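As a plain string of letters, each chain reads:
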Amino acid sequence: AGQASEAAAPTALARSSRAAATRGYLREVDFSHWAAGWLAERLRGLTHTERHAGESHCATLVVKGLQPSQSEVHASVKLKGEARALFFDLTLVIAWEGSAVLRSRGG
């Protein structure tokens, strides 16, 4: 499913680019909905583990998902002739879980 959604945006952009080029005027293509889905898919399950050199403890964060009702994703491409410009504004609120393993240096 991810590959199909990734292919849809560039295909739509190519069609819009050709249409804008033939008419020679400014046009904006909104990819906000597509970008929100793409980001949500890629953020889910993202993991980061931090270990400090010489220390015996570590912490791990795991992204559970994007909170769509609290996040704002605006993404668009403006076209004029053959020129394209990407504009985006992101406010991402994510749900995450953290865990830590703490050990004393003595073992």
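Residues numbered from 1 in each chain as written. Predicted model: local features only at pLDDT ≥ 70, side-chain atom pairs only at ≥ 80, totals over all residues. Heavy atoms only, no water.

Our focus in this paragraph is a nonpolar patch on the surface. A contiguous nonpolar patch, built from Leu-61, Leu-86, Phe-88, Leu-90, Leu-92, Ile-94 and Trp-96 and spanning about 700 Å² of accessible area, is present on the exposed surface. Of all the secondary-structure elements, those providing two or more residues to the nonpolar patch are β5 (83-91) and β6 (94-101). Here the nonpolar patch takes three residues from β5, the largest share from any one element. With respect to the helices and strands, Leu-90 occurs in strand β5. The class for Leu-90 is partly exposed, based on a relative accessible area of 37%. (Patch = residues over 30% accessible without salt bridge, like charges linked within 9 Å, V, L, I, M, F, W, Y side chains within 5 Å. Areas by Shrake-Rupley, 256 points an atom, 1.4 Å probe, with all protein chains shown as cover. Salt bridge = Lys/Arg side-chain N within 4 Å of Asp/Glu carboxyl O. Helix = DSSP H or I, 4+ residues; strand = E, 2+ residues; numbered from the N terminus. Buried < 20%, exposed > 50% of the residue type's maximum accessible area, 1.4 Å probe, protein only.)

Right, let's get into the sheet that holds β6. Ordered in space as β2-β3-β6, the three strands form an open sheet in which the pairing is antiparallel. The two strands at the open ends of the sheet, each matched to only one other strand, are β2 (47-51) and β6. Each neighbouring strand pair of the sheet contributes to a mean axis angle of 15°, computed without reference to strand direction. Relative to strand β3 (residues 58-66), β2 runs antiparallel, the two being bridged by five bridges. In the sheet register, Thr-47 faces β3, and the bridge partner there is Val-62. (Pairing = 2+ DSSP bridges. Axes fitted to C-alpha atoms, helices over the stretch in contact; angles between N-to-C directions.)

The quantities given are spatial measurements derived from coordinates; they are silent on function.
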